Structures are given as structure tokens and as C-alpha cells.
Amino acid sequence: MMRLFLPAALALLTLSPRPACADAASAAAASSVKIDDGAAIYRHVCQGCHMTDGRGAIGAAAYPALARNSKLGEADYPITMVLNGHGDMPWFAAMLNDSQIAAVVTYIRTHFGNDDKPPISPADVAALRRPSPTMEH
């Protein structure tokens, strides 16, 4: 009897809903991130796809490398990508505030072999943030 019960119990545990793990962008997108440090935001939200070393990956999808990425030189590009997403990259405008996006974009632009770039300010992010849609009657 125990031999029949144990596999069934394990199957039910496997199928039961669990809280999402916030180590990947898709899991974290459901709620706001409560941290403000760019490196911590990268570890919490970005590295699941772009990898610890920022070199990206190819597998179920293509995750572009952030390491030595010349596209990061123009500040508007990474800010817009984080805010609005593109292709397989989700958008984070609803999850991260302007200070958090500024911190993580500054972190990405100054790490992983990227040249030393000026920091991004929350005002830089706010200038590129799309206004939230409003309902007009």
C-alpha cells in the first residue's frame, strides 16, 4: 500500500502551486522589487537570462551579451530596453522605479568589461518612460 501512496503523494506535491521564485525576470515581473542597489537588482532580476558574467546565453531563447556590448554606450538604448523590453526581453517599467532602473543600467554600463560610463540618473529614466495609459470617457 505504501508503494502506491508515495508516488501519488509526490505527484501531487509536484503539481501543487508554489510561490514564484524571484531570481528570474519572468518570476519577478509579477511584483515590485524592493531593492535599490544596481548590482543587487542585476542579480535578482537580470542574471537569470544574461548570466552572472553578463555574457548572455543561447538555448530556449537568445539572451544577448551585456559584456563588452557597444550598444550600451548610448544611455537611451539600455534604459529603453529595460523600460519597454524588446523581443523575448520583458518590460520592467511596472516593476522597477526610475531610481532602480538608473541603478541597474549604470551597473550594467560600468561592469562586464564595458567602458566606464557616466552614471544614469532617475531623471534620465523618467524622460524616456512612456506615460501610463489613462482611461478617458
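Computed from a predicted model, the values in this text were never measured in an experiment.

Undergrad: Any chance you could explain helix α3 (residues 38-50) here in plain terms?
TA: Think of an α-helix as turning once every 3.6 residues; residues three or four places apart then point the same way. For α3, which comprises 13 residues, the first-to-last C-alpha distance of 15 Å sits more than 12% below the rise-based estimate of 18 Å (1.5 Å per residue). Largest kink in α3: about 50°, centred on His44. All of the buried residues along α3 are Gly38, Ala39, Ala40, Ile41, Tyr42, Val45, Cys46 and His50. Positive phi appears at Met51, one or two residues downstream of α3, with a value of about 75°.

Undergrad: Is there a simple way to think about the packing of α3 against helix α5 (residues 98-109) in this case?
TA: Axes are the key here: two packed helices are described by the angle between their axes and the distance separating the axes. Where α3 meets α5, the axes come as close as 8 Å, and the angle between the chain directions of the two elements is 90°. When the interaxial angle is binned, α3 and α5 end up roughly perpendicular. For the pair α3 and α5, contact is made by Gly38, Ala39, Ile41, Tyr42 and Cys46 and by Gln100, Ala103, Val104, Tyr107 and Ile108, respectively. Residue classes in the contact of α3 with α5 are distributed as eight nonpolar, two polar and no charged.

Undergrad: Mind showing me how you'd approach the state of the cysteines here?
TA: In protein chemistry, a disulfide is the covalent bond that joins the sulfur atoms of two cysteines. This structure, assessed with the given rule, holds zero disulfides. Not engaged in a disulfide, the cysteine Cys46 finds its nearest cysteine sulfur in Cys49; these two sulfurs lie 8.6 Å apart. Note on Cys46: relative accessible area 15%, which makes it buried.

Cut-off values and rules
- Residues numbered from 1 in each chain as written.
- Predicted model: local features only at pLDDT ≥ 70, side-chain atom pairs only at ≥ 80, totals over all residues.
- Heavy atoms only, no water.
- Helix = DSSP H or I, 4+ residues; strand = E, 2+ residues; numbered from the N terminus.
- Expected span 1.5 Å × (residues − 1).
- Bend = angle between axes of the 7 residues up to and from the residue.
- Buried < 20%, exposed > 50% of the residue type's maximum accessible area, 1.4 Å probe, protein only.
- Axes fitted to C-alpha atoms, helices over the stretch in contact; angles between N-to-C directions.
- Parallel < 35°, antiparallel > 145°, perpendicular 65-115°, else oblique.
- Contact = heavy atoms within 4.5 Å.
- Nonpolar A, V, L, I, M, F, W, Y, C, P; charged D, E, K, R; others polar.
- Disulfide = S-S within 2.5 Å.

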